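# A closer look at the structure
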Protein chains: 2
Amino acid sequence: MTTIGLRERKKRKTRIALIDAALDLFLTQGYDITTVDQVAAAVDVSPRTFFRYFASKEEVALSTCRDGQEIFLRALCSRPGEESPYQAVTQAMRVTLAALREGDPDDAQRLAKVRRLIDATPSLAAGLMCMINKGDRQLTEEVARRRGTDTDDLRTQFVVSILNTLLRVCFEHGSPDLAPLSERMERILAIAEECLRPGWDR
Amino acid sequence: MTTIGLRERKKRKTRIALIDAALDLFLTQGYDITTVDQVAAAVDVSPRTFFRYFASKEEVALSTCRDGQEIFLRALCSRPGEESPYQAVTQAMRVTLAALREGDPDDAQRLAKVRRLIDATPSLAAGLMCMINKGDRQLTEEVARRRGTDTDDLRTQFVVSILNTLLRVCFEHGSPDLAPLSERMERILAIAEECLRPGWDR
DNA sequence: TAACTTATGTCACCTCATGACAGATGACAA
DNA sequence: TTGTCATCTGTCATGAGGTGACATAAGTTA
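Residues numbered from 1 in each chain as written. Chains lettered and ligands numbered in written order. Predicted model: local features only at pLDDT ≥ 70, side-chain atom pairs only at ≥ 80, totals over all residues. Heavy atoms only, no water.

## What to know about helix α7 (residues 122–134) of chain B
So the rule is basically this: Starting at the N terminus, helices and strands are each numbered in turn, a helix being any DSSP run of H or I of at least four residues and a strand any DSSP run of E of at least two. Every helix has an expected span of 1.5 Å times one less than the residues it contains. Residue burial is assigned from relative accessible area. The probe radius is 1.4 Å, only protein chains are included, and a residue is buried under 20% of its type maximum, exposed over 50%, and partly exposed in between. Here, two residues are considered to be in contact whenever any of their heavy atoms come within 4.5 Å of each other.
When the terminal C-alpha atoms of α7 of chain B are compared, their 18 Å separation across 13 residues agrees well with the 18 Å that a helix rising 1.5 Å per residue should span. Within the span of α7 of chain B, buried status applies to Leu124, Ala126, Gly127, Leu128, Met129, Cys130, Met131, Ile132 and Asn133 of chain B. Each element contacted by the buried residues of α7 of chain B is listed here: α7 (122–134) and α9 (154–172) of chain A together with α4 (57–77), α6 (105–119), α8 (136–147) and α9 (154–172) of chain B.

Shown next, in the form of structure tokens:
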């Protein structure tokens, strides 16, 4: 049986509706001149309610990315413990892309929209970057665990930063489409392996 | 002769005064609850005038860092052309730290305050990171020039990201003091050289 | 149905940020 | 010194982002 009731279903529906309305308005009019009121009105909801779903205008724009990030972080945590930090991260990246390819097409669609939006909106690009780096703490713990150090270890922090770099380069300037994104990622990883000494992440 | 007139001097003075007042208020009360009006009042200036000097509350908080960044970027551009991207960046970092050590002690003092402030204020930490990455375009051009590629080159972008990583790791979690900062930087660079293959940035 | 929990709307309020306009002040030439 | 000009500044008005308080409506559970 589905344990979720009508209330929960409604909540998810308005959340999605807010995201979609916001994305469409942002893309057609521009992010900056679109007001929260307009987004709320498009979904027939009070502005106050908007802020109960999203803490800020930026959050609604980037929520899809955040969801993707969480998929990635979960994938990362469930990688086998023998994998080195680099292996675990790259595999988790591949898993995330695969999940996206096989999941709800609407989600992929939304992600494509967000990507177009971010490319047209510098402040959102900055926000996305910050978001990626927010995952640092979890990433740091995961790397520290795999390297057998604590999170203060300078080398661990260095490894984390490099991995973060890979994540950023792969995902920040991508095409909206999934296949080229995947290809781009593999090229980046090849470059990384050319540049880094074997065992650098151990 | 000094070519700057009274007007220019006054402008610089209020700018500095605004920065110092803002930093002190932010540190004593907290960044978030301090209003622009308070900062303006502390310098006996209208709030409107504040916004003629700084585009935002964040800008006044991070202005000292931005100044430092500009010193760094100028130092980078004037490095000899034979240096590899990595050499040029690391030397520019050292030059920047040296300039700070030998420059106006007030500036170093301000920088220390900013650091304490950033450590206590996540949103500013995010802002700082974004600022650092804003320097990317210039950094990318410099790296592309030294590698003899154009700025779209994937490997160039990778090199830029790694260098950016170094910058971040060195400057973001530092002690307020200058000497330990310098030492930390050297340790990070040593780690980087352990991890990266010779010639990785060529 | 009754009692509860929770989502929502309304209202009020604050801060950030910007445009328009007028007055004050420094810069500069005659 | 004086007059003109550019520019800095203050005042006022406006709009958007964001939040707290409280009542109400709706879903949930007994």
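## Description of the interface of chain B and chain A
Selection criterion: Put simply, buried area is the surface a 1.4 Å probe can reach on two separate parts but cannot reach once they are joined, added for both. By definition, a salt bridge exists where a carboxyl oxygen of Asp or Glu is found within 4 Å of a side-chain nitrogen of Lys or Arg. Polar contact is the term for a pair of N or O atoms within 3.5 Å; when the atoms are in protein, one must be able to donate a hydrogen and the other to accept it, and sequence-neighboring residues count only if both atoms are side-chain atoms.
Taken together, the contact between chain B and chain A spans 26 residues of the former and 27 residues of the latter. Considering only the side of chain B, the residues that lose the most area to chain A are Leu154, Phe158 and Arg197 of chain B, jointly responsible for 24% of the buried surface there. Connecting chain B to chain A are 2 salt bridges. A salt bridge links arginine 155 of chain B to glutamate 194 of chain A; the shortest N-O distance between them is 2.7 Å. At the boundary of chain B with chain A, the tally comes to 11 residue pairs in polar contact (both at pLDDT 80 or more).

## A look at the protein's contact with DNA strand C
Keep this limit in mind: Whether a residue is near a molecule or strand depends on its heavy atoms: if one lies within 4 Å, it is near. Each residue gets one of three labels, nonpolar for Ala, Val, Leu, Ile, Met, Phe, Trp, Tyr, Cys and Pro, charged for Asp, Glu, Lys and Arg, and polar for the others, Gly among them.
Taken together, 21 residues are adjacent to DNA strand C, and Thr49, Arg52 and Tyr53 of chain A together with Leu6 and Arg48 of chain B come closest. A share of 60% of the atoms of DNA strand C within 4 Å of the protein falls on sugar and phosphate groups. Between DNA strand C and the protein, one listed contact pairs a phosphate oxygen with a side-chain N or O atom of tyrosine 53 of chain A at 2.8 Å. Considering each element in turn, the surface near DNA strand C owes the most residues, 4 residues, to helix α3 (residues 47–53) of chain A. Grouping the constituent residues of the surface near DNA strand C by class yields 6 nonpolar, 6 polar and 9 charged.

## Observations regarding the packing of α7 of chain A against α9 of chain A
All names here are of chain A. Test applied: Axes here refer to lines fitted to C-alpha atoms; in helices the fit is confined to the stretch in contact. Angles between the N-to-C directions go from 0 to 180 degrees. In this scheme the handedness of a crossing depends on how the near helix is turned from the far one: anticlockwise by less than a right angle means left-handed, clockwise means right-handed.
Relative orientation of the contacting elements α7 and α9 amounts to 145 degrees, with a least axis distance of 10 Å. Relative to α9, the crossing made by α7 is right-handed. Within the contact between the two elements, α7 uses Met129, Ile132 and Asn133 and α9 uses Asn164, Arg168 and Glu172. Residues belonging to the contact of α7 with α9 are distributed by class as follows: 2 nonpolar, 2 polar and 2 charged.

## Description of the pattern of salt bridges
Under the criterion given, the structure shown has 22 salt bridges over all chains. For aspartate 107 of chain A, the salt bridge goes to arginine 110 of chain A, with nearest N and O atoms at 2.9 Å. Highlighted residues: aspartate 107 of chain A and arginine 110 of chain A, both in helix α6 (residues 105–120), separated by 3 residues, approximately one helical turn. With a relative accessible area of 35%, aspartate 107 of chain A lands in the partly exposed category. Judged by its relative accessible area of 10%, arginine 110 of chain A falls in the buried class. Residues arginine 146 of chain B and glutamate 142 of chain B are paired through a salt bridge, measuring 2.4 Å at the closest nitrogen-oxygen approach. Taken as a pair, arginine 146 of chain B and glutamate 142 of chain B lie in helix α8 at a separation of 4 residues, close to a single helical turn. Exposure remark for arginine 146 of chain B: the relative accessible area of 13% places this residue in the buried category. A single network of salt bridges, built from pairs that share partners, joins Asp20, Asp107 and Arg110 of chain A.

## Some details on the side chain of arginine 79 of chain B
With respect to the helices and strands, arginine 79 of chain B occurs in the loop between α4 and α5 (85–102). Among all residues touching arginine 79 of chain B, those that are not within four sequence positions of it are Ala88, Gln91, Ala92, Val95 and Arg146 of chain B.

## Section: the protein's contact with DNA strand D
Taken together, 22 residues form the shell around DNA strand D, and within it Leu6 and Arg48 of chain A together with Ser46, Thr49 and Arg52 of chain B come nearest. The contact atoms of DNA strand D, taken as those within 4 Å of the protein, divide so that sugar and phosphate hold 55%. Taking leucine 6 of chain A, its main chain carries an N or O atom lying 2.7 Å from a phosphate oxygen of DNA strand D. Of all elements in the fold, only α1 (6–29) and α3 of chain A together with α1 (6–29) and α3 (47–53) of chain B reach the threshold of two or more residues within the surface near DNA strand D. If one sorts the elements of the surface near DNA strand D by residue count, α3 of chain B sits on top with 4 residues. Among the residues making up the surface near DNA strand D, the classes are represented as 6 nonpolar, 6 polar and 10 charged.

## A closer look at the relation of the copies chain B and chain A
Our working definition: Least-squares superposition of the copies uses the C-alpha atoms of those residues scoring a pLDDT of at least 70 in each of them.
For the match of chain B to chain A, the screw axis carries a shift of 0.1 Å, the RMSD comes to 0.1 Å, and the turn is 180 degrees. The operation mapping one copy onto its partner corresponds to a two-fold rotation axis. The C-alpha atom lying nearest the rotation axis in chain B is that of leucine 196 of chain B; the distance is 2.2 Å. By residue overlap, the copies meet face to face through one surface: 100% of the interface positions of chain B are interface positions in chain A.

## Observations regarding the environment of methionine 131 of chain B
Residue and element names in this part refer to chain B. In this structure, methionine 131 sits in helix α7. Along the chain, methionine 131 and glutamate 59 lie 72 residues apart, while their C-alpha atoms are 10.0 Å from each other. The contacts of methionine 131, once residues within four sequence positions are left out, are Leu62, Cys65, Arg66 and Gln69.

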